[in-house]
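Listed here are the chains, written in short residue letters.
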Amino acid sequence: MAEPVRARRLSDHEGQTLQRLVRRGKHNSIRVRRALIVMASASGTPVAAIAQLVAADEDTVRDVIHAFNERGLSALDPNWAGCRPRRITSDDEDFIARTATTRPEKLGRPFTRWSIRKLLAYLADNPTHVVVIGRERLRQYLREHKISFQRTRTWKESTDPHREAKLDRIEEVTTRFPNRCFAFDQFGPLSIRPQPGSGWAREGRPERWPATYRRDQGVRYFHGCYSLGDDQLWGIVRERKSGSNTLAALKSIRKARPDGAPIYVICDNLSANTTPAIRAWAARNKVELCLTPTYASWANPIEAQFGPLRTFVISNSHHPNHTVQTRRLQAYLRWRNANARHPDVLAAQRRERARVRSEKQRRWGRPLARAA
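Section: the packing of helix α2 (residues 30-42) against helix α4 (residues 58-71)
Between two packed helices, what matters for the description is the angle formed by their axes and the separation of those axes.
So, point 1. As a packed pair, α2 and α4 sit with axes 10 Å apart at the nearest point and diverge in direction by 80 degrees. One element, α2, and the other, α4, form an angle in the roughly perpendicular class. Here Arg34, Ile37, Val38 and Ser41 of α2 come into contact with α4, specifically with Val61, Val64, Ile65 and Phe68.
So, point 2. Of the residues belonging to the contact of α2 with α4, the class tally is 6 nonpolar, 1 polar and 1 charged.

Encoded structure:
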């Protein structure tokens, strides 16, 4: 049988883009749902769990993953039906797109960006390829080629010298030891204020929250833990990030597997997650901390679980205080875990993984490495 479907390793740009869509986007859009599928798959979440997460068919999830592996981020947008026949050739369209995305200075024009008027003038009077087109049709072509007028942004790339080794280790433990693999991260800051969101309402009569400009209750952080094998999410709300709070969360993860065998915890490379006390405790209790590379928290499987948490608990809410907000959050976690994958499905997936592993052993002629 073929290998389980999984998204390829993400680049820093792809991971940051998917993380931004999942954590800040609107979950009723196709683009965000597809981003959630890809991000969850890239971090090691099985197809069945992703289908449960986004309320979609497993075949749909596999199609999205295959499309991303082939086309990259362009797979987040569906291919809609075509329009009327073109009046400008494909070469003209390509030239328009290349020109619009090239800085004018490189083409001999003394300005830093194009306006529609300046771009029209250059297309109609240039020494390489003359294109005569109307202003509105030019806007349409730019839109069809996903070229929009945007603010210039900065970007950052992981400078971690051990980036590839860390990603390799995360990929290995999520693939070979999913039943002993966990994820941890802090979600927040959570403040007390009316939160924008969306929901069903009568046309022209949306739900409204009062405006407020006071932030006198401070912030909190949800210290979340996620079990890849059981598809269970739990955690506790704390006032701040600290080594002691992280250690308490890691101890709750260790209790989820009380047999004393090694477990693997994926977490961010944060100082509060790597204190000497935490490292000493992890060594004594056979807990391996699999740290994500710097600026690559998208590799943590729990990130995909925080998107729905924000959508269904934080967004479109007006909690009066942190106590009520915490109760609502814990109520959602109880509902989510009660509606997780059926144990029979988990058992069948474990048997299938064991069968695939045995086939690999026969093919390679040597046993696969086991957990230490």
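A look at the pattern of salt bridges
So, point 1. Scanning the entire structure with this criterion turns up 23 salt bridges.
So, point 2. The partner of Asp59 in a salt bridge is Arg62, with the nearest N and O atoms 3.1 Å apart. Taken together, the positions of Asp59 and Arg62, both in helix α4 and 3 residues apart, correspond to about one turn of that helix.
So, point 3. Taking the relative accessible area as the measure of exposure, Asp59 reaches 48% and is therefore partly exposed.
So, point 4. Between Lys166 and Asp160 there is a salt bridge; the shortest N-O distance is 2.6 Å. Both residues of the pair, Lys166 and Asp160, count as buried.
So, point 5. Through salt bridges with shared partners, one network takes in Arg9, Asp12, Arg163, Glu164, Asp168 and Glu171.

Considerations on unusual backbone geometry
So, point 1. Look at the link from Gly188 to Pro189: it is a cis peptide, with omega at 0 degrees.
So, point 2. By the element assignment, Pro189 lies in strand β1 (residues 181-191).
So, point 3. For Lys146, which is not glycine, the phi dihedral falls at a positive 60 degrees.
So, point 4. You can see Lys146 is positioned in the loop between α7 (135-144) and α8 (163-176).
So, point 5. Phi at Tyr295 takes a positive value of approximately 60 degrees, unusual for a residue other than glycine.
So, point 6. For Tyr295, the position within the fold is in the loop between β5 (287-291) and α11 (303-314).

Description of the pairing of β1
So, point 1. Taken across its 11 residues, β1 has 9 buried, putting it largely inside the fold.
So, point 2. Pairing geometry for β1 and strand β4 (residues 263-267), over 3 bridges, is parallel. Paired with Phe182 across the strands is Val265, a residue of β4.

Here we look at a positive patch on the surface
So, point 1. A contiguous patch of positive charge on the surface is contributed by Arg20, Arg24, Arg151 and Arg153.
So, point 2. With respect to the element layout, Arg20 can be found in helix α1 (residues 12-24).

Comments concerning the pairing of β5
So, point 1. Across the 5 residues of β5, 4 count as buried, placing the element largely inside the fold.
So, point 2. Here β4 pairs with β5 via 5 bridges, running parallel. Note that in β5 the partner of Val265 across the bridge is Leu289.
So, point 3. Handedness of the β4-helix α10 (residues 276-284)-β5 crossover: right-handed.

Concerning the state of the cysteines
So, point 1. Following the criterion strictly, the structure yields 0 disulfides and no others.
So, point 2. Cys290 provides the cysteine sulfur closest to Cys267, a residue in no disulfide bond, and the two sulfurs are 8.1 Å apart.
So, point 3. Its relative accessible area of 2% is what places Cys267 among the buried residues.

A word on the confidence of the model for the protein
So, point 1. Of all residues in the protein, 87% attain a pLDDT of 70 or more, and the chain-wide mean is 84.
So, point 2. Mean pLDDT across the elements of the protein bottoms out in helix α13 (residues 343-364) (62) and peaks in β4 (94).
So, point 3. Residue range residues 366-372 is modelled with pLDDT below 50. Its contacts to residues more than four positions away, or to other chains, number 13 contacts.

Topic: the sheet that holds β1
So, point 1. Taken together, the 5 strands give an open sheet; going across it, the order is β3-β2-β1-β4-β5, and neighbouring strands pair in mixed fashion. What marks the edges here is a single partner per strand, and that holds for β3 (232-238) and β5. Between one strand axis and the next, the sheet turns through 25 degrees on average, direction left out of account.
So, point 2. Looking at chain direction, β1 and strand β2 (residues 219-227) are connected through 8 bridges and run antiparallel. Bridging from a neighbouring strand, Phe182 pairs with Ser227 of β2.
So, point 3. Those strands touched by α8 are β1, β4 and β5, and its axis lies near 130 degrees from that of β5.

Cut-off values and rules
- Residues numbered from 1 in each chain as written.
- Predicted model: local features only at pLDDT ≥ 70, side-chain atom pairs only at ≥ 80, totals over all residues.
- Heavy atoms only, no water.
- Axes fitted to C-alpha atoms, helices over the stretch in contact; angles between N-to-C directions.
- Helix = DSSP H or I, 4+ residues; strand = E, 2+ residues; numbered from the N terminus.
- Parallel < 35°, antiparallel > 145°, perpendicular 65-115°, else oblique.
- Contact = heavy atoms within 4.5 Å.
- Nonpolar A, V, L, I, M, F, W, Y, C, P; charged D, E, K, R; others polar.
- Salt bridge = Lys/Arg side-chain N within 4 Å of Asp/Glu carboxyl O.
- Buried < 20%, exposed > 50% of the residue type's maximum accessible area, 1.4 Å probe, protein only.
- Pairing = 2+ DSSP bridges.
- Patch = residues over 30% accessible without salt bridge, like charges linked within 9 Å, V, L, I, M, F, W, Y side chains within 5 Å.
- Areas by Shrake-Rupley, 256 points an atom, 1.4 Å probe, with all protein chains shown as cover.
- Lys, Arg positive; Asp, Glu negative; His and termini not counted.
- Charge placed at Lys NZ, Arg CZ, Asp CG, Glu CD.
- Right-handed = clockwise from strand over helix to strand, strands pointing away.
- Disulfide = S-S within 2.5 Å.
- pLDDT = per-residue confidence, 0-100.

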